[in-house]
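One letter stands for each residue in the lines below.
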Amino acid sequence: MELDTDAALVRRARDGDYGAFEALFERYRVMTYRFAYQMVGRRDDAEDIVQEAFVRAYQNLHRYRDEAKFTTWLLRIVTNLCTDEARKNQRRTVLEQQEAGGSLDWMTIGNTEDPVDNLEDDRRKLALRKAMNALPDHHRKMIVLRDIEEKEYPEIARIVGCTVGGAKLRVLRARRALKDRIAPLLGEGK
Amino acid sequence: MDKRQEENIAKLAFGDLSEAQAAEVRAQAAANPDAARALDSYATLRDDLRRLRDVPPDQLSKERLRNAILTQGLNPKPVRSSFPWMWASTAGLAAVLAIAVMMRPTEQSKPETVAMNYPSLGSSDLIQPLNVDDQGLMSVNFNKDAAPVYDSEDAAAPQPEVVSSMPTEAMRTKSIPAGRSIRHLGVRNTSWEPDRGGLVRKQLPQDNLMLAKMNLPSQGPNLPSSQKSSDTLVLIGSDKDSTTGASSAVEVHQTQDVIVSS
């Protein structure tokens, strides 16, 4: 239905219909939250990022060009905010973990299921999360978009602002970097 | 295993290859233990990443968003420059240029030497203060006793220059319209009789005086003295100094009303 498309909701929101903007928020809240969570690894930080992203989207609706997908535009805002947040949190996380002697690792791996039954699984998750956090932001972004959220390459290219071929190459490099980082954490040789 | 082969193995593990390409790479990996190990490693990584998809539920709400929008305002924040150092360097450059311009010597500050040959009037008592009559015309009183008297045949006597025009009714006068600017206007000299104010003057060749740059008052001569022009009038004579060769000149400080006699 025309009234339910992103473009129509954006137009109505631009015209002052705040309900239309809330509909967009409900539609893409989870998607953006998931992406933000994968990027920063903390629920509260991810929520703040999503909220800030929607605030900025609302404030800049007049700048949104209809030819781009709304989700692409929104994810671009979230990506930029995640980059800023990751930069700020990098040092903070290291200090917190050092201070707690590693006992705060559970905070960065989200919901652990049963730690007794899934010890190996948790160990791998923990190692992977550490490796992800240690990745440069531009690598982590590609891994999250492609291998966790399973976005298509053309959309990834629009979000990060490159060509499709460039997106494929970046994803490839990011995977290699992640593999190189996780191997020592899992005790695996090259 | 070369880099190209590893890239293909990674693409195979993450499902980025077509069926034909996948079969080819899978066959290569089966023949190479390192490639097989790499394929297994990438496949495990892919599975681990998929397990990371589980995220805790968020606590976002429309009310929270609405409060945030109302708190932060409906208008976008001013964009902060990503490169403040660029602005700083620009400002620094502008400051250096401004200082350079200020430190540059100007023409006005250059010392200027002007060769002037002022006539000696002998005694300071020679000229009395200027008088202005009701028509705005100036006159000068000369102290006849203080003025040196020279005989017309005395060739050795110095020739005093004209220090001021003294309009009298007997003289033919020509007034210059108000507001007109005169530059290098030729002035015919008039010889004055000794009994007209006591100035001893011999006949000078015509056009031997020049009116240097002068601005006339725009409202005519009958203005209050505060509104009259105070430009300096320089009368340049034809006499040359024997040593410097410069023309003699006389500077007159009162030019409210100028009458040029012809």
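All residue numbers refer to position in the chain's written sequence, counted from 1. The naming scheme follows written order: chains are lettered A onward, ligands numbered 1 onward. The predicted nature of this model means local features are confined to residues of pLDDT at least 70 and side-chain atom pairs, given and counted, to a pLDDT of 80 or more, with totals for whole chains, interfaces and linings taken over all residues. Derived side-chain values reflect all non-hydrogen atoms in the structure, with water molecules and hydrogen atoms excluded from consideration.

## A short note on the overall build of chain B
- The helix and strand labels rest on DSSP assignments: H or I over at least four residues marks a helix, E over at least two residues marks a strand, and numbering proceeds from the N terminus. Looking only at helices and strands, chain B has five helices and ten strands in total.
- The buried share of chain B, taken over its 262 residues, is 31%.
- Surface exposure here means Shrake-Rupley accessible area, sampled with a 1.4 Å probe, where a residue is shielded only by the protein chains that are shown. Entry remark: accessible area of chain B is about 17200 Å², with carbon and sulfur atoms responsible for 52%. Burial classes: relative accessible area under 20% of the type maximum marks a residue as buried, over 50% as exposed, and values in between as partly exposed (1.4 Å probe, protein chains only).

## Quick word on the overall build of chain A
- Helices and strands together make up the secondary structure of chain A, namely eight helices and zero strands.
- Counting from the amino terminus, chain A carries its helices and strands in the arrangement α-α-α-α-α-α-α-α.
- Sorting the 190 residues of chain A into buried and exposed places 55% on the buried side.
- Any two residues having at least one pair of non-hydrogen atoms within 4.5 Å are treated as being in contact. Long-range contacts, defined as pairs at least 24 residues apart, comprise 61% of the intrachain contacts of chain A with a sequence gap of at least 6.
- In the form shown here, chain A has an accessible surface area of approximately 9200 Å², with 50% of it arising from carbon and sulfur atoms.

## Remarks on the interface of chain B and chain A
- On the chain A side, the residues contacting the 37 residues of chain B number 44 residues.
- Surface buried jointly by chain B and chain A totals about 4100 Å² across both partners, of which 57% is contributed by carbon and sulfur atoms.
- By buried area we mean the combined loss of accessible area, with a 1.4 Å probe, across both parts when two parts are placed together. It is B:Leu52, B:Arg53 and B:Leu60 in chain B that bury the most area against chain A; as a group they hold 16% of the surface buried on that side.
- The salt bridge definition used is simple: a Lys or Arg side-chain nitrogen within 4 Å of an Asp or Glu carboxyl oxygen. Where chain B meets chain A, there are ten salt bridges.
- For A:Arg175, the salt bridge identified is with B:Asp16, shortest N-O distance 3.0 Å.
- Throughout this description, a polar contact denotes any pair of N or O atoms lying within 3.5 Å of each other; where both atoms belong to protein, one of them has to be capable of donating a hydrogen while the other can accept it, and for residues adjacent in sequence the pair is counted only when both atoms sit in side chains. Where chain B meets chain A, there are 18 residue pairs in polar contact (both at pLDDT 80 or more).
- Elements with a contribution of two residues or more to the side of chain B that touches chain A: α1 (3-13), α3 (33-51) and α4 (62-72) of chain B.
- Ranked by residue count, the leading element in the side of chain B that touches chain A is α3(B), at eight residues.

## Points about the packing of aromatic side chains
Residues and elements named next belong to chain A.
- Pairing of aromatic rings covers Phe, Tyr and Trp, the last counted by its six-membered ring, and requires centre-to-centre distances within 6.5 Å; plane angles under 30 degrees mean stacked, over 60 mean edge-to-face, and any other angle means tilted. Under the defined criterion, the tally for this structure stands at ten aromatic pairs over all chains.
- On the basis of an interplanar angle of 90 degrees and a centroid distance of 5.8 Å, the ring pair of Tyr 64 and Phe 70 is categorised as edge-to-face.
- A relative accessible area of 5% means that Tyr 64 is categorised as buried.
- Joined through ring pairs, the aromatic side chains of Tyr 18, Phe 21, Phe 25, Phe 54 and Tyr 58 make up one cluster.

## Some points on α3(B)
- Taking 1.5 Å as the rise per residue, α3(B) with 19 residues should run 27 Å; its terminal C-alpha atoms sit 27 Å apart, in good agreement.
- Along α3(B), the residues that are buried comprise B:Ala35, B:Ala38, B:Leu39, B:Tyr42, B:Ala43, B:Leu45, B:Asp48 and B:Leu49.
- Looking at the buried side of α3(B), the elements it contacts are α5 (119-134), α6 (137-148) and α8 (164-185) of chain A together with α1 and α2 (19-31) of chain B. Working rule for helices: expected span equals 1.5 Å times residues minus one.

## Let's talk about helix α3 (residues 43-59) of chain A
- Under the 1.5 Å per step criterion, the end-to-end length of α3(A) is 24 Å for 17 residues, consistent within 8% with the ideal 24 Å.
- Where burial is concerned, most of α3(A) is hidden: 13 out of the 17 residues are buried.

## Some words on the environment of A:Tyr37
Residue and element names in this part refer to chain A.
- Among the structural elements, Tyr 37 can be located in helix α2 (residues 18-40).
- Given a relative accessible area of 2%, Tyr 37 falls into the buried group.
- In the structure, Tyr 37 is positioned 45 residues away from Cys 82 in sequence and 9.1 Å away in space, judged by C-alpha atoms.

## Structural notes on the pattern of salt bridges
- Applying the stated criterion to the full structure yields 23 salt bridges over all chains.
- Between A:Asp17 and A:Arg12 there is a salt bridge whose closest N-O contact spans 3.1 Å.
- Between A:Glu150 and B:Arg53 there is a salt bridge, and its shortest N-O distance comes to 2.1 Å. Taken together, the residues span two chains, with A:Glu150 in the loop between α6 and α7 (153-160) and B:Arg53 in the loop between α3 and α4.
- Three or more residues joined by partner-sharing salt bridges are found here, namely A:Arg43, A:Glu47, A:Asp48 and B:Arg64.

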